[in-house]
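Chains, contacts and geometry: an overview
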Amino acid sequence: MKQKSPFDMFFDEYNEDIPEDHFPRGSISAHAAEAIVTSETWSDAKPAMNLSSFVTTFTEPEAFDVAKKHYLKNYIDHDMYPQLFAMEARMVRWLHQLWNGPKGVEPYGAATIGSSEACMLAGLAHKWNWRKKREKAGRDASKPNLVTGANVQIVWEKFMRYFDVEPRIAALKPGHYRFNSEHLDELVDENTIAVVAIAGQTFTGEDDAFRAIHNWLDRYQQKTGHDIPMHIDGASGGFVNPFLYPNYHWDFRLPRVKSINASGHKFGLVPPGLGWVIFRERSVFDEDLMFYVNYLGGEMPTATLNFSRNASPVAYQYYNFIRLGFEGYRDIMQHTLANAQLLRHRLVKSGYFEIMNKTQRIPVVSMTLNSKYTNFNEYDISDKVRERGWVLSAYSMPPNAQSVNCLRIVVRPHLNLNAIEGLADDIIHACEWLEQHGGNATPPKLHDPHKVAASKC
Ligand SMILES: *Cc1c(COP(=O)(O)O)cnc(C)c1O
């Protein structure tokens, strides 16, 4: 029998049926396995053209090198990798300072897998503090609730369901997409563990009305004696506001703000797998939530939901902080915001769109189709530009603004002027084509529009 050539052997393996419902039986060469994984993902979006997401899709080669060097380390092994742990502790102090935490306190915080884990930890801390306070006062501590806006990201709905906290959600209305103090008197009571407000919301990129909420809570405390903390969900805004708006009080400068989260893998510019939670001071995070592990003869506190995790994102974030510094982040955020404004300007000038965000903080362009166009919708535009490779998300707004559809573009730092101009051309051409030929996309039927819409991040 003729011996098979290396090519035949490769193609035999490459053409092998991949089983749907049982574990693969035999082995194949590394080369064939790599080729199969690659070919199976050909039709997926190009990450750089996915403008529906806030998450980083760009890396400097040197940063990628840093990531590779730490790729095979389990971050939680602090006794083996004490220097990585020291980087995390240093970055916690840096973020506490960047977000204007009070001086002279012991900062506390943690690197997490993302903002989701960070929000869960902050939510738990507030639930614990509320319960302890209630028990100490001899009051019922069985009905915690959390107050936030309908523009909240899905993680807060998860937190409330997973950890038995009643959701108290302030409705939006068409044209008004920021959570403010308007509904607080119907929502806040003695069982409110915290009020969560967003810096850089996923729908329109705007910030909630922190000051108005804060002032309302001050008045509420004067009237009732209940001192209710605020948490700021700065998943996106946490790495934009400090650099672009240094005099804007969104952070620990507001005395009620006891915890802040941010996604290192959004405008912190790290690839997926990193979030941050920072507390105003150590005492906000109750000792009961802390576990101590043996570490080089001493004891190390640990308080995260995950145990093992890849060390790369932590090292990568450290690289970014020392490589860019405040000035580097500021320059990047300035040019990214300028590009977002340029895109917004071109799209409004085309006559097809109306802008949804009244204020512009993070570099997000959020638009709704001008109501004079009735033969196509935002979903058609999203479908049409997909032919050019762009991914833009179209969705209906959360209650009570469901009647409004939104087309959202997250402008990330890797998009340069050329790419922005090309994107604007492609969106406008798509609208011209649709105006002539009509569209036929129907908005997806949603089980719960808010749940699905909120997951768009
Ligand atoms: C992205 C996002 C989250 C969830 O963060 P992950 O880092 O994806 O876990 C939470 N809140 C807001 C406002 C977000 O934008």
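It should be emphasised that the depicted structure is a prediction, and the values quoted were computed from it without experimental measurement. (Residues numbered from 1 in each chain as written. Predicted model: local features only at pLDDT ≥ 70, side-chain atom pairs only at ≥ 80, totals over all residues. Heavy atoms only, no water.)

Moving on, we get to the environment of M9. Among the secondary structure elements, M9 is positioned in helix α1 (residues 6–14). Given a relative accessible area of 46%, M9 falls into the partly exposed group. Considering only alpha carbons, one finds M9 and N74, 65 residues apart in sequence, at a separation of 37 Å. (Helix = DSSP H or I, 4+ residues; strand = E, 2+ residues; numbered from the N terminus. Buried < 20%, exposed > 50% of the residue type's maximum accessible area, 1.4 Å probe, protein only.)

The next subject is the domain arrangement of the protein. Considered domain by domain, the protein is made up of domain 1 (65–320) and domain 2 (326–437). The partner domain 2 presents 30 residues to the 33 residues of domain 1 that form the contact. Summed over both partners, the interface of domain 1 with domain 2 buries about 2,600 Å², with 68% contributed by carbon and sulfur atoms. Among the residues of domain 1 in contact with domain 2, F203, F243 and F267 are the three that bury the most area, contributing 25% of the side total. Viewed at the interface, domain 2 and domain 1 are joined by one salt bridge. With a shortest N-O distance of 3.7 Å, D207 and R361 are connected by a salt bridge. Between domain 1 and domain 2 we count eleven residue pairs in polar contact (both at pLDDT 80 or more) in total. (Domains from an automatic or database assignment. Contact = heavy atoms within 4.5 Å. Buried area = accessible area lost by both parts, 1.4 Å probe. Salt bridge = Lys/Arg side-chain N within 4 Å of Asp/Glu carboxyl O. Polar contact = N/O pair within 3.5 Å; in protein donor to acceptor, adjacent residues only side chain to side chain.)

Next up on the list: the packing of aromatic side chains. In this description, a pair of aromatic rings is defined by centroid distance and the angle of the planes. Enumeration over the complete set of coordinates arrives at 25 aromatic pairs. Ring centres of W99 and W250 lie 6.1 Å apart, and the angle between their planes is 75°; on these two criteria the pair is classed as edge-to-face. Linking W99 in the loop between α4 (82–98) and β1 (108–112) with W250 in the loop between α9 (241–244) and β6 (257–263), this pair joins segments that are 151 residues apart in sequence. Given a relative accessible area of 0%, W99 falls into the buried group. In this structure W250 comes out as buried when scored by relative accessible area, which is 0%. Clustering of aromatic rings is evident, with ring pairs tying together W94, W99, F239, F243, W250, Y318, F321, F326 and Y329. (Phe/Tyr/Trp six-rings, centres within 6.5 Å; stacked < 30°, edge-to-face > 60°.)

Here the focus is the confidence of the model for the protein. Where the model shows low pLDDT, its predicted coordinates should not be examined in detail. Of the residues in the protein, 96% reach a pLDDT of 70 or more, and the chain-wide mean stands at 94. Every residue in residues 449–457 is under pLDDT 50, and counting partners more than four places away or in other chains gives 29 contacts. (pLDDT = per-residue confidence, 0-100.)

Bringing the sheet that holds strand β11 (residues 364–369) into the picture now. Spatial strand order, β10-β11-β13-β12: four strands in an open sheet with antiparallel pairing. Every other strand in the sheet has two partners, leaving β10 (353–355) and β12 (393–396) as the edge strands with one partner each. Each adjacent strand pair in this sheet contributes to an overall mean axis angle of 35°, direction not counted. Here β12 pairs with strand β13 (residues 405–410) via four bridges, running antiparallel. Counterpart to Y395 in the pairing with β13 is C406. Sheet contacts for helix α11 (residues 378–386): β10, β11, β12 and β13; angle to β13, the most-contacted strand, approximately 35°. (Pairing = 2+ DSSP bridges. Axes fitted to C-alpha atoms, helices over the stretch in contact; angles between N-to-C directions.)

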